[in-house]
Amino acid sequence: MTDVGRHPRIKLLTLSEVVDVKGYVGNFDVKILKKSRYVSENECTACGECAKVCPVVRPDEFNFGLSSRKAIYSPFPQAVPSAYVINVNECLGHNPVVCAKCVEVCDKGCINFHMSDEEITERVGTIVVATGMEPYDPTELDEYGYTRFENVLTSLEFERLVNAGGPTRGRLVRPTDRRTPGSIGFIQCVGSRSARKGASYCSNVCCMNTVKSTLVLKEHYPDMDVKVFYIDIRAFGKGFEDLYTRSRRLGVKYIRGLPGTVEERADAGLRVAVENSATNSIEFHDLDMLVLAVGVKPSAATQRLQEMLGLQLTPDGFFLEAHPKLQPVDAATRGIFYAGCAEGPKDIKDSVTQASAAAARAIRLMHRGEILTEPITSEVIAEHCRACGKCAEVCPYNAITVDTKKKTPAVVNTAACAGCGTCAAECPFGAITMNHFTDVQILDQIDTLLEEDPQDKILAFACNWCSYAGADYAGVSRLQYPPNVRLIRTMCSGRVDESFIRHGFARRAPIILVSGCHIGDCHYIHANHWTEKRVARFRKKMEKLGIRPERLQLEWISAAEGTRFSSIMHRLEELRKEVSLEEIEETVRILENGAGVRRDSPGSE
């Protein structure tokens, strides 16, 4: 961090938060609220004289309340910039009658109570999201007695106690009597791998953090009785298994089973009841101190940033990368990258690795000074646009701007457009065409595929990234499926217009399949949500017209699900056999009389 603060080409904004982001790759406008610290960063020498005379005492957040600080303070040792900050909500004020003692002792005159927050706008080419994570609060796990029993600490509180720069200068003491404990226990997976309370995912760092803590204890207190209660130890990294083995050789006892209850004894010690799954017996352990190895959860800023940047979250609440293997640090929105625990729980080594990769990806994109865009983008036909705003509403990338009040035609930012085609499918006036995937091109494919014996075929629309790749994987895996499936590739299932489905049925297709990425895995953020709504809407229309809704199927297939693709096609073939020629002809008659057949986008030829 010190190197960052000194670097001539890095602008470091502390006590700041991003409040708005507009624009696209190469031209992001980031609005930042820089909060006032009421101390001049350039003038302050961090001498600490102001803190000595400050009468306000508050718990120190950096040490998790195990020590205190003043209303004017340095957030933590080696903080950058090296300047004090005033918590204005705790300060008694600048009225000399009340206090102003810090102002009086500051020889350099660094303190200014008239400072105010300022709003800064920065133009940037790329964005790296590194929001970090937050520790899980184990208060809701009442069975462990956290906050009820003073000698029950979290792993982070324990870290501060044994740290040489911590509140006790590295000496481990019990909070109740300030004595060094003779026995200590660690409970693993607190807030992790639990469907009931906390999170269902593994927090990645807890096991090895506990192993490291046991090594520190055995190094400083060889005779201390150390016990670890665990589900299983996940020592998967380079050299991790050696550390785990070393810990056991030093006498640390690993007990397979999580405690069910924790009770406090008369001497403020703790009695832990645990079912040892190795011996299939209930055991009771008396400990002087208990440490909860808490898991991690997404930063509180994650949800707000996700809305601002148009990003996607996993079910666990972390940011979702564009592709877990091919683009592990890229967001689906071009020009945005992830680093550290923003994308998922990881340790320091993995965070550094991902940060280096994110920096390299950003440099690769920016070093030319210009950006090459994909040719598959949407294009608005201005004379047909009615400025209804639907296209802007459904665009996952905020690439379309339209003034619905002034009724000016929509404008597509081709640098931000990713070419999913959702806007073209949702436009009620046919005013948007997709380059290389125009309505006419797709409708002509339908005509060609259903030209001969259409009643014997299954017409399938498959998204390029998942379901089409899944079909390819089924082929290379030698998985058998009906040969009468006719695939039409689209970049996204969101491109499948109602007119395509209607045209397919009018051309005597017995079954039509719309397939794409699983919900939550869409390569175009949330475009397949609109697919789902569109298919549901068309099924209702089919039902009103007297056409069986089951003849239109919607399935989510990933690129690795060749077996699923094969099984779905077998099922659809059985469904196709149930559709009679009479039913097909009746469908054609209904559509020709009441619903129309083909919609050609103006200017799409």
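Residues numbered from 1 in each chain as written. Predicted model: local features only at pLDDT ≥ 70, side-chain atom pairs only at ≥ 80, totals over all residues. Heavy atoms only, no water.

Draft legend 1. Looking closely at helix α14 (residues 527–545). Here α14 is 19 residues long and its end C-alpha atoms lie 28 Å apart, about the 27 Å a rise of 1.5 Å per residue gives. Listed as buried for α14 are A527, N528, W530, T531, R534, V535, F538 and M542. An end-on view of α14 places all buried positions within 140° of arc, on one side of the element. In α14, the exposed positions that point more than 90 degrees away from the buried face belong to K540, E543 and K544. (Helix = DSSP H or I, 4+ residues; strand = E, 2+ residues; numbered from the N terminus. Expected span 1.5 Å × (residues − 1). Buried < 20%, exposed > 50% of the residue type's maximum accessible area, 1.4 Å probe, protein only. Arc of directions from axis to C-beta.)

Draft legend 2. Inspection of the sheet that holds strand β12 (residues 225–230) at higher detail. As summarised here, the arrangement of the 5 strands in space is β10-β17-β11-β12-β13, forming an open sheet in which the pairing is parallel. The open sheet has two free edges, formed respectively by β10 (152–154) and β13 (253–256), since each of these has just one partner strand. For this sheet the average axis-to-axis angle between neighbouring strands, irrespective of direction, equals 25°. Here helix α4 (residues 155–162) sits on the sheet in contact with β10, β11 (183–190) and β17 (289–294), set at roughly 90° to β10. In the packing of helix α5 (residues 206–220) onto the sheet, contacts are made with β11, β12, β13 and β17, and the angle to β11 comes to roughly 170°. (Pairing = 2+ DSSP bridges. Axes fitted to C-alpha atoms, helices over the stretch in contact; angles between N-to-C directions. Contact = heavy atoms within 4.5 Å.)

Draft legend 3. Quick look at the layout of surface pockets. Approximately 2300 Å³ is the volume attributed to the largest pocket. Taken together, 50 residues line the largest pocket, and the ones lying closest to its centre are K11, L12, L13, S16 and A130. Listed by contribution, the elements that provide at least two residues to the lining of the largest pocket are β1 (16–24), β2 (27–34), β6 (85–86), β7 (118–124), β8 (127–129) and α7 (302–309). Its residues assigned to classes, the lining of the largest pocket comprises 32 nonpolar, 9 polar and 9 charged. (1 Å grid on protein atoms, 1.4 Å probe; cavity = no way out; pocket = protein on both sides within 12 Å on 5 of 7 lines; lining within 4 Å. Points joined across faces, edges and corners; volume = space filled by probe spheres on them. Nonpolar A, V, L, I, M, F, W, Y, C, P; charged D, E, K, R; others polar.)

Draft legend 4. Focus on the pairing of strand β16 (residues 281–287). Across 7 bridges, the pairing between strand β15 (residues 270–276) and β16 is antiparallel. Pairing of V272 across the sheet is with H285, part of β16. Hairpin geometry of β15 and β16 is characterised by an intervening segment of 4 residues between the two adjacent antiparallel strands and by a positive phi of about 55° at N280.

Draft legend 5. Structural context of a nonpolar patch on the surface. Taken together, the side chains of F64, L66 and L156 define a hydrophobic patch exposed on the protein surface, amounting to about 210 Å² of accessible area. Looking at where L156 falls in the secondary structure, it is placed in helix α4. Look at L156 and you get partly exposed, because its relative accessible area is 32%. (Patch = residues over 30% accessible without salt bridge, like charges linked within 9 Å, V, L, I, M, F, W, Y side chains within 5 Å. Areas by Shrake-Rupley, 256 points an atom, 1.4 Å probe, with all protein chains shown as cover. Salt bridge = Lys/Arg side-chain N within 4 Å of Asp/Glu carboxyl O.)

Draft legend 6. Representation of the environment of L591 in the model. Looking at where L591 falls in the secondary structure, it is placed in helix α16 (residues 581–595). Residue classification places L591 among the buried positions, given a relative accessible area of 3%. The spacing of L591 and A506 is 85 residues in sequence and 6.4 Å in space, taken between C-alpha atoms.

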